[in-house]
Amino acid sequence: MKILITGGAGFVGTALTSLLLEKGHDVCVFDSLMYGGDQLLSFFRNKRFSFIRGDVVDPDAVKDAVKGCDAVVHLAAIVGYPACRKEPKLAKEVNVDGTKHLINAVSKDQLVIYASTGSNYGRVDDVCTEETPLKPLSLYGQTKTLAEHMLLENRPTVAYRFATAFGVSYRLRLDLLINDFVYRALTEGYLVVYEKHFMRTFIHVHDMARAFVFALENSRAMKGEVYNVGSDSMNYSKEQICNLIRERIDCYVHYASVGEDTDKRDYVVSYDKIKKLGYETTISVEEGIEELKRALEAVKVEKKYSNV
Ligand SMILES: NC(=O)c1ccc[n+]([C@@H]2O[C@H](COP(=O)([O-])OP(=O)(O)OC[C@H]3O[C@@H](n4cnc5c(N)ncnc54)[C@H](O)[C@@H]3O)[C@@H](O)[C@H]2O)c1
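Note that the coordinates shown come from a computational prediction; the quantities given were computed from them, not determined experimentally.

Caption draft 1: Looking closely at the packing of helix H9 (residues 238-246) against helix H11 (residues 285-298). At their nearest, the axes of H9 and H11 sit 10 Å apart, and the two run at 50° to each other. Relative to H11, the element H9 lies oblique. In this structure, H9 crosses over H11, and the sense of that crossing is right-handed. Counting all contacts with H9, which are made through Ile 241, Leu 244 and Ile 245, the residues of H11 involved are Val 285, Glu 286 and Ile 289. Residues of the contact of H9 with H11, tallied by class, amount to five nonpolar, no polar and one charged.

Caption draft 2: Local environment of unusual backbone geometry. If you check the backbone angles, Leu 33 has positive phi at about 55° while not being a glycine. Tracing the backbone through its elements, the reader meets Leu 33 in the loop between strand E2 (26-31) and strand E3 (49-53). Backbone geometry places Glu 195, a non-glycine residue, at a positive phi of 45°. With respect to the helices and strands, the residue Glu 195 is situated in the loop between strand E8 (190-194) and strand E9 (199-204).

Caption draft 3: Summary view of helix H4 (residues 88-105). Between the first and last C-alpha of H4 there are 25 Å, a value that for 18 residues agrees with the 26 Å anticipated at 1.5 Å per step. The largest bend along H4 reaches roughly 25° and is located at Asp 97. Taken together, the buried positions of H4 are Ala 91, Val 94, Asn 95, Val 96, Gly 98, Thr 99, His 101, Leu 102, Ile 103 and Ala 105. Those residues of H4 hidden inside the fold are in contact with helix H2 (59-66), strand E4 (71-74), helix H3 (81-86), strand E5 (111-117) and helix H5 (139-154).

Caption draft 4: The arrangement of the site of the ligand in detail. Residues in close proximity to the ligand total 32 residues, the closest being Asp 31, Tyr 140, Lys 144, Arg 171 and Arg 173. Between Gly 10 and the ligand, the recorded distance is 3.2 Å, taken from a backbone N or O atom to an oxygen atom. When isolated, the ligand has an accessible area of 830 Å², and the protein chains bury 97% of it. Of all elements in the fold, only helix H1 (11-22), E5, H5 and strand E7 (164-166) reach the threshold of two or more residues within the shell around the ligand. When residues of the shell around the ligand are assigned to their parent elements, the largest contribution, three residues, is made by E5. Residues belonging to the shell around the ligand are distributed by class as follows: 19 nonpolar, eight polar and five charged.

Caption draft 5: Molecular detail of the pattern of salt bridges. This model, assessed by the stated rule, comprises 14 salt bridges. The shortest N-O distance in the salt bridge between Glu 148 and Arg 161 comes to 2.6 Å. With a gap of 13 residues between them, Glu 148 in helix H5 and Arg 161 in strand E6 (residues 157-162) connect regions that are remote in the sequence. For Glu 148, a relative accessible area of 4% gives the class buried. As a salt-bridge pair, Lys 276 and Asp 272 come within 3.5 Å of each other at their nearest N and O atoms. Pair noted here: Lys 276 and Asp 272 are both in helix H10 (residues 272-277), with a separation of four residues, about one helical turn. Under the relative-accessibility criterion, Asp 272 is labelled partly exposed at 36%.

Caption draft 6: View of the environment of Thr 129. Among the structural elements, Thr 129 can be located in the loop between E5 and H5. Taking the C-alpha atoms as reference points, Thr 129 and Val 193, 64 residues apart in sequence, are found 28 Å from one another. If we ignore the near neighbours within four places in the chain, the residues touching Thr 129 are Tyr 121, Asn 228 and Ser 270.

Reading the values: the criteria
Residues numbered from 1 in each chain as written. Predicted model: local features only at pLDDT ≥ 70, side-chain atom pairs only at ≥ 80, totals over all residues. Heavy atoms only, no water. Axes fitted to C-alpha atoms, helices over the stretch in contact; angles between N-to-C directions. Helix = DSSP H or I, 4+ residues; strand = E, 2+ residues; numbered from the N terminus. Parallel < 35°, antiparallel > 145°, perpendicular 65-115°, else oblique. Left-handed = near helix turned anticlockwise from the far one by under 90°. Contact = heavy atoms within 4.5 Å. Nonpolar A, V, L, I, M, F, W, Y, C, P; charged D, E, K, R; others polar. Expected span 1.5 Å × (residues − 1). Bend = angle between axes of the 7 residues up to and from the residue. Buried < 20%, exposed > 50% of the residue type's maximum accessible area, 1.4 Å probe, protein only. Near = heavy atom within 4 Å. Polar contact = N/O pair within 3.5 Å; in protein donor to acceptor, adjacent residues only side chain to side chain. Areas by Shrake-Rupley, 256 points an atom, 1.4 Å probe, with all protein chains shown as cover. Salt bridge = Lys/Arg side-chain N within 4 Å of Asp/Glu carboxyl O.

Treat this as a map of the structure, not an account of what it does.
In structure tokens:
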């Protein structure tokens, strides 16, 4: 198959590019290279890889890019609540208008797989299933919710509400909760944590890439539907994550009673629906922490790998 990945130069997109090439697909990455392009260099040796430097906010560029593709994985976005809060106008243009341009560009025969997010749920007391009403707390969640809705209404789409990613990819992100905590535990030796009881849910970036492959292979059954993507066994409180880190990295954790987490998400998610179709994650949080520890101890990276 020929697959276009918008935002394919990002943290998730590069993991997916690598996996799709490995599986023998033709991959075209369409990306504005907000964070540079070095992470793509190693893919150019593969003749099945191509790259278009373009902006999803430009409708003509999107129209040209989708020509001849069997499927589009739509990742291009201003990602995370801090980045959207910093540039709200840009966030709406990219996350909402960019998705509209994609809807106008693709035909009914082209499958769209959309990287939506569990951020759409917000703060929820019950376990979130795909039926749970969406109450996003941030502009990020609001733009992702709107884009998800527009795609499902208008085009053959598989919409994935992903857990928060962790792990190492070609483009590193150290602003994701587990990646951030491991980085700080290693470099500063301590963590200050607010609202330790907040529940969050996690998935390794490679398992995210596997989920897209799963949708490509099962598109007939999955089209038109939303799926939570993650694992029931990877719903953790922030305190539990700190304990897992402390078992592997010598660090001090201070649970602050004064102050607040500006990320207000607090929710537990059920992943039953996609599990019933046969998709399961393969990499645990413990393995992810060990992977990050090995990588960050060996390569002294600076904390520039963030979306703000
Ligand atoms: N990482 C997570 O934890 C997570 C969880 C749930 C959903 N998602 C979704 O997955 C997708 C990818 O996330 P990520 O972690 O790889 O983020 P990322 O910031 O690493 O990647 C986003 C990519 O989009 C590109 N981009 C931004 N604006 C663009 C534009 N106008 N035109 C073309 N390209 C543009 C950037 O250059 C970047 O390469 C996003 O849609 C995000 O909402 C991510």
